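Read off the chains here:
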Amino acid sequence: MKKRRLLSIAMSGLLTILAVTGCGSTNSSTASASGGGSVIKIGSVHPLTGSYAYEAQAIVNAQQLAIDEINAAGGIASMGGAKLELEVGDSQAGADTGASETERLISEGCSIITGTFQSGVTLTCMQKAEQNQVPFLVTVSNNVAMFENGFEYCFRIQPNADVFAHDFIEYITEIKTDDIKTAVLIHEDSLTGTDSGDIIAENMGATGIELLDRITYSASTATLSTEVTKIADLKPDLLITIGYFADTSLLVKELNERGVELKMVCGVANGGISDTKFIEDFGDTVENYLDLNYRFNPNSEKTEELLTSYKEKYGDDMSVHAVWGYESIYVIADALERAGSSDSEALKKALHETNIEDHVLAQAGPITFDEKGENVNAAGVLVQIQNGKHVVVYPREFAEAELIVGE
């Protein structure tokens, strides 16, 4: 439960031998707060304008919700009750803008930067943070290569594209029925879509399903008419789609208008299919759609509390992207408690030693990072739209309903 989590963070701080209330280095950002105490600034760089603004704002909202909870519970105990403060930067969906916003937030005293939803933008922001020796925690971005650069200050909680794609190959092999013989893969052409697309295309043979074609497009496209024409002509049993909310909505709108019949539609880390707004927009036409994605643990009491709190605060259902924004703040708070300082080196060390069992994620085991900064237990789950709701159907340890196929 939420109270238990806040208590565990506070107790961690009380056991810290050295409590620090000032800056530990030039990269540290603990500042005095009006009325006493201190403030630790956390930077958040996301595309708050443009086609990704819907998802990005949800991530920032969830971060603020987590910060409000932690501050209300007394702040960072090992630092004399220091409060957290979110400083927001708008990447405008551009790598150069994201990097400049990252640099601005660092110069304004942020101890750690989070972001940024798009892998290409995230990489430039990570590079900027690494150059400044300031920790960076990825909220949502799944490119594999960005964590192959030997960065010391960068961390990611979510599964990467490699994990998503291999989980998809494993799961689809397990759940497919005999009438699923052919497939078409369609994905947006950024690093996010291309990484998973490459792995899926290379490994589809292992599933026993023939891949008829691989279709790519720009996520900022205004139409997918040509692409849907190809799909309609090929008549695949299974459509595999990797994309964001806006472009996936275009795809489904076009499929519906053309009356394209498919036996199964399955997303892979799809920003549309796993969003509740997607169901609101398309209703019964997307019933039984599947998505292999990250997800909150549906069997946790803490998850139920979180979803309720988010809905009460923002008047909207919490998206899966937002959950990673929320969890990023608790990972940072845990590291600050154990470090007893917002000094860059101390915080980096504490993040490398993260071992959080009390979380809301659908993964087996604690949040803990390997030498590259990747969460070693990160995994995807298979979500299906059933009766107008998202439910986890696979793996069975997280399932809240039986998988529906062939209807």
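Residues numbered from 1 in each chain as written. Predicted model: local features only at pLDDT ≥ 70, side-chain atom pairs only at ≥ 80, totals over all residues. Heavy atoms only, no water.

## Some thoughts on the overall build of the chain
The following threshold applies: The secondary structure listing takes helices from DSSP runs of H or I that are at least 4 residues long and strands from runs of E that are at least 2 residues long, numbered from the N terminus. Atoms counted for the radius of gyration: C-alpha only. Globule rule: 2.2 Å times residue count to the power 0.38. Think of it in three bands: residues with accessible area under 20% of the maximum for their type are buried, residues over 50% are exposed, and the middle band is partly exposed, with areas taken using a 1.4 Å probe on protein chains only. Any two residues whose heavy atoms approach within 4.5 Å at even a single point are treated as in contact. Just so you know, the count uses Lys and Arg for positive and Asp and Glu for negative, and it drops His and the chain ends. Throughout, a charge is located at the NZ atom of Lys, the CZ atom of Arg, the CG atom of Asp or the CD atom of Glu.
Of the regular secondary structure elements, the chain holds 12 helices and 13 strands. For the chain, the C-alpha radius of gyration of 21 Å lies close to 22 Å, the compact-globule estimate for 407 residues. Once the C-alpha set of the chain is aligned to its principal axes, its extents read approximately 65 × 40 × 35 Å. In the chain, buried positions account for 59% of the 407 residues. Taking all contacts inside the chain whose residues are at least 6 apart in sequence as the whole, residues at least 24 apart take part in 69%. Each charge sign in the chain was given a centre, from 28 positive and 60 negative side chains, and these centres are 3 Å apart.

## With respect to the confidence of the model for the chain
In plain terms, the rule: How sure the predictor is of each residue is captured by pLDDT, a score from 0 to 100.
Per-residue confidence for the chain gives a mean pLDDT of 90; residues scoring 70 or more make up 91%. Note on residues 10-28: pLDDT is under 50 here. Beyond four places in sequence and across chains, it has 38 contacts.

## A few points about helix α8 (residues 245-258)
Under the convention used in this document: By this rule, a helix spans an expected 1.5 Å times one less than how many residues it contains.
Here α8 is 14 residues long and its end C-alpha atoms lie 20 Å apart, about the 20 Å a rise of 1.5 Å per residue gives. Turning to α8, its buried residues are Phe245, Asp247, Thr248, Ser249, Leu251, Val252, Glu254 and Leu255. Structurally, α8 contributes buried residues whose contacts are with α2 (53-72), β7 (182-188), β8 (210-217), α7 (225-234), β9 (238-242) and α9 (276-282). Positive phi shows up at Gly259, right after α8, with a value of about 70°.

## Here we look at the side chain of Asp275
Applied cut-off: By convention in these notes, a salt bridge is any Lys or Arg side-chain nitrogen within 4 Å of a carboxyl oxygen on Asp or Glu. Residues adjacent in sequence count toward polar contacts only when both atoms are side-chain atoms; beyond that, a polar contact is any pair of N or O atoms within 3.5 Å, and within protein one must be able to donate a hydrogen and the other to accept it.
Along the chain, the position of Asp275 falls in the loop between β10 (264-268) and α9. Within the buried set, Asp275 has no salt-bridge partner at all; the shortest N-O distance to an opposite charge, 7.3 Å, is to Lys277. Side chain to side chain, Asp275 and Tyr54 meet in a polar contact 2.9 Å long. Sequence-distant contacts of Asp275, that is, excluding residues within four places in its chain, are made with Tyr54, Phe245, Ser319 and His390.

## Section: the pairing of strand β12 (residues 381-386)
On a regular strand, each side chain points to the face opposite its neighbour's, so the side chains alternate between the two faces of the sheet. Condition: Note on pairing: two strands pair once DSSP finds at least 2 bridges between them.
For β12, the tally of buried residues reaches six of six residues, placing the bulk of the element in the interior. Going residue by residue along β12, you find Val381, Val383 and Ile385 tucked away on one face and Leu382, Gln384 and Gln386 tucked away on the opposite face as well. As paired elements, strand β11 (residues 290-293) and β12 share four bridges and run antiparallel to each other. Note on β12: the bridge partner recorded for Leu290 is Gln384. As paired elements, β12 and strand β13 (residues 389-394) share five bridges and run antiparallel to each other. When the bridges of β13 are listed, Gln384 appears paired with Val391.

## Details of the side chain of Asn61
Residue position: Asn61 is located in helix α2. For Asn61, a relative accessible area of 16% translates into the label buried. Setting aside residues no more than four positions away along its own chain, Asn61 makes contact with Tyr310 and Tyr314.

## Focus: the nonpolar core
Stated precisely, the cut-off is as follows: Side-chain atoms within 4.5 Å link the members of a nonpolar core, which is a set of buried Ala, Val, Leu, Ile, Met, Phe, Trp, Tyr and Cys residues.
Counting 76 residues, the largest nonpolar core has Ile76, Leu84, Phe168, Ile200, Leu238, Ile240 and Leu382 as the members making the most contacts within it. Top contributing element to this core by residue count: helix α11 (residues 320-339), with 12 residues. In contact with Leu84, other than residues within four places in its own chain, are Ile40, Ile42, Ile67, Ile70, Asn71, Ile76, Ile329, Ala333 and Leu336. Of all hydrophobic cores here, the second largest spans 21 residues; its members include Val184, Ile186, Ile231 and Val260.

## Thoughts on the sheet that holds β11
Put simply, the rule reads: Helix axes use the C-alpha atoms of the stretch in contact, all axes being lines fitted to C-alpha atoms, and the angles between their N-to-C directions lie in the range 0 to 180 degrees.
Taken together, the seven strands give an open sheet; going across it, the order is β8-β7-β9-β10-β11-β12-β13, and neighbouring strands pair in mixed fashion. This sheet does not close on itself; its edge strands, each paired only once, are β8 and β13. Recorded for the sheet is a direction-independent mean angle of 25° between the axes of neighbouring strands. Here three bridges tie β10 to β11, and the two strands are oriented parallel to one another. By the bridge assignment for β11, Val268 is matched with Leu292. Against the sheet, α7 makes contact with β7, β8 and β9, and its axis sits at roughly 170° relative to β8, the strand it touches most.

## Observations regarding the packing of α2 against α11
Rules: Put simply, a crossing is left-handed when the front helix is turned counterclockwise from the back one by less than a right angle, and right-handed when it is turned clockwise. When residues are grouped by polarity, Ala, Val, Leu, Ile, Met, Phe, Trp, Tyr, Cys and Pro land in nonpolar, Asp, Glu, Lys and Arg in charged, and all others, Gly among them, in polar.
Packing of α2 against α11 brings their axes to within 7 Å, and their N-to-C directions diverge by 35°. Handedness of the α2/α11 crossing: right-handed. Contacts from Glu55, Ala58, Ile59, Ala62, Gln63, Leu65, Ala66, Ile67, Glu69 and Ile70 of α2 reach α11 at His321, Ala322, Gly325, Tyr326, Ser328, Ile329, Tyr330 and Ala333. For the contact of α2 with α11, the residue count by class is 12 nonpolar, four polar and two charged.

## Things to note about empty space enclosed by the protein
Any empty space left between the atoms is revealed when a probe the size of a water molecule rolls over them. So the rule is basically this: Site definitions follow a grid-based scheme: protein atoms alone, a 1 Å grid, a 1.4 Å probe that fits but cannot get out for cavities, and for pockets an open set with protein on both sides within 12 Å along at least five of seven lines, plus lining residues having an atom within 4 Å of a point. Grid points are joined across faces, edges and corners, and a volume is the space filled by probe spheres set on the points.
Tallied over the full model, the rule gives two cavities of 30 Å³ or more. Estimated volume of the largest cavity: approximately 140 Å³. Considering the residues around the largest cavity, the lining is formed by 17 residues, among which Val140, Thr192, Tyr244, Ala269 and Tyr294 are closest to the centre. Of the volumes computed, that of the second largest cavity is approximately 30 Å³. As for the second largest cavity, its lining consists of Arg295, Trp324, Leu361, Ala362, Gln363, Ala378 and Ala379. Here the residues of the lining of the second largest cavity sort into five nonpolar, one polar and one charged.

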